[in-house]
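# Report on the structure
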Amino acid sequence: MIEIDERALDALVTDDPGGPVVMLNLLRFRPDGGRESYQRYAEALAPSINARYGLSVVYLGDGGRALVAEDGQAWDMVVLVRYPDRQAFAAMIRDPEYQAVAHLRSEALVESVLQPTTPFAA
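Residues numbered from 1 in each chain as written. Predicted model: local features only at pLDDT ≥ 70, side-chain atom pairs only at ≥ 80, totals over all residues. Heavy atoms only, no water.

Moving on: the packing of helix H1 (residues 6-14) against helix H4 (residues 86-94). Taken N-terminus to C-terminus, the directions of H1 and H4 make an angle of 160°; their axes are 9 Å apart at the nearest point. One element, H1, and the other, H4, form an angle in the roughly antiparallel class. Regarding H1 and H4, the two cross each other, and that crossing is left-handed. Contact residues: H1 offers Glu 6, Leu 9, Asp 10, Leu 12 and Val 13, while H4 offers Arg 86, Gln 87, Phe 89, Ala 90, Ile 93 and Arg 94. Tallied by class, residues from the contact of H1 with H4 come to six nonpolar, one polar and four charged. (Axes fitted to C-alpha atoms, helices over the stretch in contact; angles between N-to-C directions. Helix = DSSP H or I, 4+ residues; strand = E, 2+ residues; numbered from the N terminus. Parallel < 35°, antiparallel > 145°, perpendicular 65-115°, else oblique. Left-handed = near helix turned anticlockwise from the far one by under 90°. Contact = heavy atoms within 4.5 Å. Nonpolar A, V, L, I, M, F, W, Y, C, P; charged D, E, K, R; others polar.)

Structure, rendered in C-alpha cells:
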C-alpha cells in the first residue's frame, strides 16, 4: 500500500498520545525514475508545506542490505520526519496544496512503510 486512507488517518489522530511524532518512512522506489520522482515530491513540499505544518527531516539516508530480516526487506531509502503532533501530520495530508503533489510520491514508490513513532519514556 502506498496511499494513506482516511480511516488510517482518523485512527492516527484518535490514538494520539500527545506531543511530537516522528514518522518512519521506509521506501522502495520504482526502477524507472522512482528516486527522481520522489526528489520532485520532496522539493515541492519544502517551500511552504514544511513551514506551515512544522515538519523537519530528522534523518534521510540510503538503505542497504538488511542484516536481520526476511528476504525482500531491504529498502532504498529511510526517512525520519518530525511533526509537532499527529494533528499537524493529518492536516498536512488533507491540505489541497499537499494533495496536488502527493501523486509524485505515489508514482515514485512500489512499496513503503509509514509508521508513527513516539519518544520512549524512560
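Turning next to the pairing of strand E3 (residues 77-83). By the alternation rule, side chains of E3 split into Met 77, Val 79, Val 81 and Tyr 83, which are all buried, and Val 78, Leu 80 and Arg 82, of which none is buried. Of the strand pairs in this sheet, strand E1 (residues 21-29) and E3 are connected by seven bridges, and their pairing is antiparallel. By the bridge assignment for E3, Met 23 is matched with Val 81. (Buried < 20%, exposed > 50% of the residue type's maximum accessible area, 1.4 Å probe, protein only. Pairing = 2+ DSSP bridges.)

This part is about the pattern of salt bridges. Scanning all chains against the criterion turns up six salt bridges. Here Glu 6 makes a salt bridge to Arg 94, at a shortest N to O gap of 2.8 Å. Residue Glu 6 is located in helix H1, and its partner Arg 94 is located in helix H4; the two are separated by 88 residues in the primary sequence. Each of Glu 6, Asp 10 and Arg 94 takes part in one network of salt bridges that share partners. (Salt bridge = Lys/Arg side-chain N within 4 Å of Asp/Glu carboxyl O.)

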